[in-house]
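# Secondary and tertiary structure notes
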Amino acid sequence: LTVAPAVVQIEGNLIQAVDPLDRSEWTAPGGTHQVIDLGDRLVTPAFVNGHTHLSMSAFRGIGLAAMGGNIVEDLYFRLESAITADDVRAFARMGAYDSLLSGVGTVWDHYYHADAIAAALVDVGLTGVVAPTLQDLAGPGVSSLESQLDATVRLTENTEMAKKGVVAALGPHATDTVSSPLWQRIGGLADTHGLWIHVHVAQSVEEYDRSVARHGCSPVSRLDGEGLLDAGAGMLLVHGLFLPQSDLKRLDPSRNILGFCPFSQIQFAFPAAVDGWWAAGIPFVVGTDCGACNDSMNVQQELRLIASGHAFAITPSTLGQRFLTTGELGAAQALDALRRDTRQDRHALTAPRALLNTVWTTPGDLHPDLPVGRIAAGRRANIAVWDLDHPACWPATDPFRTLTMSDMGPALWGMMTNGEWRGEPGRFRDSIVESDDYRAAGQEA
């Protein structure tokens, strides 16, 4: 990752070239080329949300009472059993707008009524990888399994949607809602079509309990034993709250990617042991999960929690409790030594460039039909333009730290997805929320 003056050439929906810029020698090309001079504004890849459920933004704020248990089974399954495809399209538009206004250009969405999700992405101009939710043991998707499988194949073969930046992945819900025969079907489809498998894994103690009771092993061990970790283009395993080190050793870093949704996890459970993932060399992407259990679709804001969240574990540690109990100077010194050691141990993981890779290059490299996450030739033209003079990021002496630790949303000057400007550059946020399309979408939702 570097910051330097450049000319970015875009044709259609792709970046064609990125060339160094010497303003003293550069002249605009002739012919029909349109030249946009962005001055000293910062141009970056648009963010990639590695795991989300756009339409669940409609459930924002109503799940607090259920968070003490298994919120997916106790609340969301009941709500999702009642929503229609039209509901999902209307709700997903609002989640897509929320994402766009946060600098997100691509989402990995996992939900029911996949055709409606795909249509909503096109409505708003977001690009995405749509994984129709597949279930046959439990959950709202049991009755629509075959239609969701058909929707996956249709989207895989839909070249027009691919041009618009909407492609498919397989979306088994979780290891406890998908039977072994269905897993084998999913693996076969993944191999046949070269698809990614996007799945929740070890996200609850109930799932872990069922895996042990039914199969005598952990969820990841079961997937490994059934050959699913080697299926298709790869597997994106999301949440991993109950993921022991023995399971990490089963994962292949070249094709098994973990998904981390920190703000969501601290609301409905606890943060996954991402330090262990990093130490094991398993790549991970960052997602928001959904507005219902995170209250935000701003994946950039998740990075601050990864960078500094480790500090929350220091106070309840044994040394922290010892100091609170005794007040001894030696206990205080030991507690501060723990703070310093913990910070040093996480230095590589929390470096701004490493964190930005989890919302740029790592998820942007996954799907062969939707290469994003880099300003480079051959990538989809999903670009964010930032006003570094905005108070949210001024004086921006270190742009990478600014992008990691600041609330960058207010400084978003313009957004391009799939080669098209969204809203009006310079008035990006206001032009979106004041538009007739947005108002109509909000009214329908």
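Calculation notes
Residues numbered from 1 in each chain as written. Predicted model: local features only at pLDDT ≥ 70, side-chain atom pairs only at ≥ 80, totals over all residues. Heavy atoms only, no water. Pairing = 2+ DSSP bridges. Helix = DSSP H or I, 4+ residues; strand = E, 2+ residues; numbered from the N terminus. Axes fitted to C-alpha atoms, helices over the stretch in contact; angles between N-to-C directions. Phe/Tyr/Trp six-rings, centres within 6.5 Å; stacked < 30°, edge-to-face > 60°. Buried < 20%, exposed > 50% of the residue type's maximum accessible area, 1.4 Å probe, protein only. Core = buried A, V, L, I, M, F, W, Y, C linked by side-chain atoms within 4.5 Å. Contact = heavy atoms within 4.5 Å.

### Describing the sheet that holds strand β3 (residues 42–45)
- One open sheet holds the four strands; their spatial order is β3-β13-β14-β15, and the pairing between them is antiparallel. Edge strands, defined here as strands with exactly one partner in the open sheet, are β3 and β15 (420–422). Averaged over all neighbouring strand pairs, the angle between strand axes comes to 25 degrees, with direction disregarded.
- Where β3 meets strand β13 (residues 383–386), four bridges bridge the pair, whose relative direction is antiparallel. Residue pairing across strands places Val 43 opposite Val 385, the latter belonging to β13.

### Description of the packing of aromatic side chains
- The final tally for this structure, using the stated rule, is 11 aromatic pairs.
- Note on Tyr 97 and Tyr 438: the rings are 5.0 Å apart at their centroids and 85 degrees apart in plane angle, and the pair reads as edge-to-face. Taken together, the positions of Tyr 97 in helix α2 (residues 85–100) and Tyr 438 in helix α20 (residues 436–444) put the pair 341 residues apart, joining distant regions of the chain.
- Here Tyr 97 falls in the buried class, since its relative accessible area comes to 7%.
- The partly exposed category is assigned to Tyr 438, whose relative accessible area is 22%.
- Between Tyr 111 and Tyr 112 the ring centres are 5.1 Å apart and the planes differ by 65 degrees, which places this aromatic pair in the edge-to-face class.
- Judged by its relative accessible area of 6%, Tyr 112 is buried.

### Re the nonpolar core
- Phe 47, Trp 183, Ile 197, Met 235, Leu 237, Leu 258 and Trp 277 are the most contacted members of the largest nonpolar core, which totals 97 residues.
- Every residue in contact with Leu 237, bar those within four places of it in the chain, is listed here: Val 199, Val 201, Val 220, Leu 223, Leu 229, Leu 251, Asn 256, Ile 257, Leu 258 and Gly 259.
- Counting 15 residues, the second largest nonpolar core, distinct from the first, contains Val 48, Val 167, Val 238 and Ile 257.

### Brief notes about the environment of Leu 145
- With respect to the helices, strands and loops of the structure, Leu 145 is situated in helix α4 (residues 145–157).
- The exposure class assigned to Leu 145 is buried, which follows from its relative accessible area of 11%.
- Expressed as a C-alpha distance, the spacing of Leu 145 and Thr 133, which sit 12 residues apart in the sequence, is 8.2 Å.
- Ignoring any residue separated from it by four or fewer positions in sequence, one finds Leu 145 in contact with Leu 134, Gln 135, Asp 136 and Leu 182.

### Some details on the environment of Ile 383
- Topologically, Ile 383 is positioned in strand β13.
- The buried category is assigned to Ile 383, whose relative accessible area is 6%.
- Those residues in contact with Ile 383 that lie beyond four places of it in its chain are Val 8, Ile 10, Ile 15, Val 43, Thr 44, Ala 46, Ile 375, Gly 414, Met 415 and Met 416.

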